[in-house]
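This is what each chain is made of:
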Amino acid sequence: MTRTEQTKTRRPKYEPTDRERLVLDQVENPRYDRQIVNGLDPFIDDGAPADMEGFYTPEELAGLRELRGTDRDVEARMPVKITRHYFEMARVSPALQKLVKASADETANLEGDEDPAGQLDYSPVEGLLHKYEMALLYVISTCSAHCRFCYREELIARKDIARADGTVKKKGLAQLKEVTDYIRAHNAAVTTNGGAHPETGRPKLREVLLSGGDPMVLPNSKLAGWFTALAETGVEVIRVGTKELAFHPDRFDDAFMSMLDRFHEVYPDVALRLMVHFNHPDELLIKTGDDYAKGENGHYQWHPSVKRAVDAVTSRGWICVENQSPIIRGVNDDPDALRILQRTLKAARIENHYFFGGRNIVAYKAFNVPIETAWRILNESQRGLSGVEAHARLTVVHFKGKTEVAAVTDEPIPGLPGAENGVVVFKVLRSPAGAGDRGKTAIVGRNPEALWFDDYDDRVIVDEAGLFNFQRPQRVRIPVAREGSSSAGPTRRTPAERHRDEEIHKHRTPVQPRST
């Protein structure tokens, strides 16, 4: 192919407006020294820093080495990655070690869904999920460190996914022009049709969540580019989903905060929400032995870097900060830990949004806590909280959308077949397709071993919500924007995708082998 032919096949480039340039031209892009250790090889081959020696025991490494190249290779399921900051926190925390350390147990059972909750059913353009009034964007396929239980293991590990149209390929990343073209086309159709899309009935797409991977791995210029371009489409709310406050809090430095300030100055009507991901109080508090350090007033003492980063964000009243976390076996399935986490976050002006029952991802049985146990743990944790501290609810993501575990009863219900051992009440909160089922419920007989909805199939008592007779659509009809965008990305990774995936690596200092 000639250079001219190559040029013709390139995707149209997004051109920022003069207003966007008021933000973009002032962005600083510092290098962030995360001191990342990638993979198991540094631990196996003595290539990790000397003070990391012993993070994995010889027995753990031997077990992991035996699985290499087999169907149970843990790094094929989820790559291993850790930052220096998170290692320092995890070295004194068994819970955090469970979160980032690979284990041979995680691939003992590889049952699960390669596209949990049928997310790709709602993808009109590559890298974008359209969920009612909201869009989720995959803007990068890596994080500063990797949680072993990650709900996006198929994206992080770059796995081929079977799609509703019969194709099999990796999830692609969102492209700026394709996304903005789609939003404009959808919202124009909604406006013309009096407030609802003529084909889908959906309302204005007014909220966008930048996700991945972790958007905070991207440089400030890339983040600013997404913010300003989305603002120009008329989007009202921009969310950023991130665990970087836990993995590398120094990322929230003056340069990043100055970029946010400038964005807010130029686009004051666009709301910004930071959806953070603290799983355990060990990620933010200083430990002294098995307890947490306390100040003279009896308050828990924060890790200085985490506190500085949190204060930088929460001190800007126009940024809403909310925490959400799954409840994971061996990590935070502890009422006392969750109570401390919720109380401490609320005191720091971080709202408690959701706790999640585990999704049915590949290998979910190694990580998920039974649904009824998770409900009991969260309920017990909130007994010691005030009304404003105990806002978080337990949800499980069904194909129909976010579903709250509203109640679990211990006593039989006389005269109600199937309720001899108590019941579980589910309530639909969110739906990717529409809002018509919000508030509808399903009641099932208890199954203390249930990890996902399938485990209640033979115990359904009432199913107003249709959770247990739901047929996943073979293909969901979501009109595709026509202004230069396409319904599916290329089968191989584009240079832009490779750039985004590799962005983190050029902002780190290579790990030096330990001296012998």
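Everything numeric here is computed off the predicted structure, so don't read it as measured data. (Residues numbered from 1 in each chain as written. Predicted model: local features only at pLDDT ≥ 70, side-chain atom pairs only at ≥ 80, totals over all residues. Heavy atoms only, no water.)

(A) Broad picture of the packing of aromatic side chains. Here the structure, examined in full by the defined rule, presents 16 aromatic pairs. Taking 5.8 Å as the distance between ring centres and 70° as the angle between the ring planes, the aromatic pair formed by Phe 426 and Tyr 456 counts as edge-to-face. Residue Phe 426 is found in strand E16 (residues 423-428), and its partner Tyr 456 is found in the loop between strand E17 (441-445) and strand E18 (460-463); the two are separated by 30 residues along the sequence. Accessibility expressed as a relative area gives 0% for Phe 426, which makes it buried. By way of ring pairs, the aromatic residues Phe 399, Phe 426, Trp 452, Phe 453, Tyr 456 and Phe 468 are connected into one cluster. (Phe/Tyr/Trp six-rings, centres within 6.5 Å; stacked < 30°, edge-to-face > 60°. Helix = DSSP H or I, 4+ residues; strand = E, 2+ residues; numbered from the N terminus. Buried < 20%, exposed > 50% of the residue type's maximum accessible area, 1.4 Å probe, protein only.)

(B) Region of the structure containing the pattern of salt bridges. This model, assessed by the stated rule, comprises 38 salt bridges. One salt bridge connects Arg 68 with Glu 75, and the closest N-O pair in it is separated by 3.0 Å. Residues Arg 273 and Glu 207 are paired through a salt bridge, measuring 3.1 Å at the closest nitrogen-oxygen approach. Here the residue Arg 273 occupies a position in strand E9 (residues 271-276), and Glu 207 occupies one in strand E7 (residues 207-211), the gap between them amounting to 66 residues. A relative accessible area of 28% places Arg 273 in the partly exposed class. (Salt bridge = Lys/Arg side-chain N within 4 Å of Asp/Glu carboxyl O.)

(C) Quick peek at the confidence of the model for the chain. Here the chain averages 89 in pLDDT, and 90% of its residues register 70 or above. Here residues 481-516 scores under 50 on pLDDT; set against residues more than four positions off or in separate chains, the count is 92 contacts. (pLDDT = per-residue confidence, 0-100. Contact = heavy atoms within 4.5 Å.)

(D) Looking closely at empty space enclosed by the protein. Tallied over the entire structure, the rule returns one cavity of 30 Å³ or more. One number sums up the size of the largest cavity: a volume of about 30 Å³. As for the largest cavity, its lining consists of Leu 120, Ser 123, Glu 126, Gly 127, Leu 128, Leu 129, Tyr 138, Arg 163, Lys 171 and Gly 172. Looking at the lining of the largest cavity residue by residue, the classes come out as four nonpolar, three polar and three charged. (1 Å grid on protein atoms, 1.4 Å probe; cavity = no way out; pocket = protein on both sides within 12 Å on 5 of 7 lines; lining within 4 Å. Points joined across faces, edges and corners; volume = space filled by probe spheres on them. Nonpolar A, V, L, I, M, F, W, Y, C, P; charged D, E, K, R; others polar.)

(E) Main features of the sheet that holds strand E12 (residues 319-326). The mixed open sheet is built from 12 strands, whose spatial order is E3-E4-E7-E8-E9-E12-E13-E14-E15-E16-E17-E18. One side of each edge strand has no neighbouring strand; the edge strands of this open sheet are strand E3 (128-131) and E18. Geometrically, the sheet is characterised by an average inter-axis angle of 25° between neighbouring strands, direction not taken into account. In this structure, strand E15 (residues 401-408) lies alongside E16, joined through five bridges in antiparallel fashion. Opposite Thr 403, over in E16, you have Val 428 as the bridge partner. Sitting on the sheet, helix H9 (residues 176-192) is in contact with E3, strand E4 (134-138) and E7, with an inclination near 25° to E3. (Pairing = 2+ DSSP bridges. Axes fitted to C-alpha atoms, helices over the stretch in contact; angles between N-to-C directions.)

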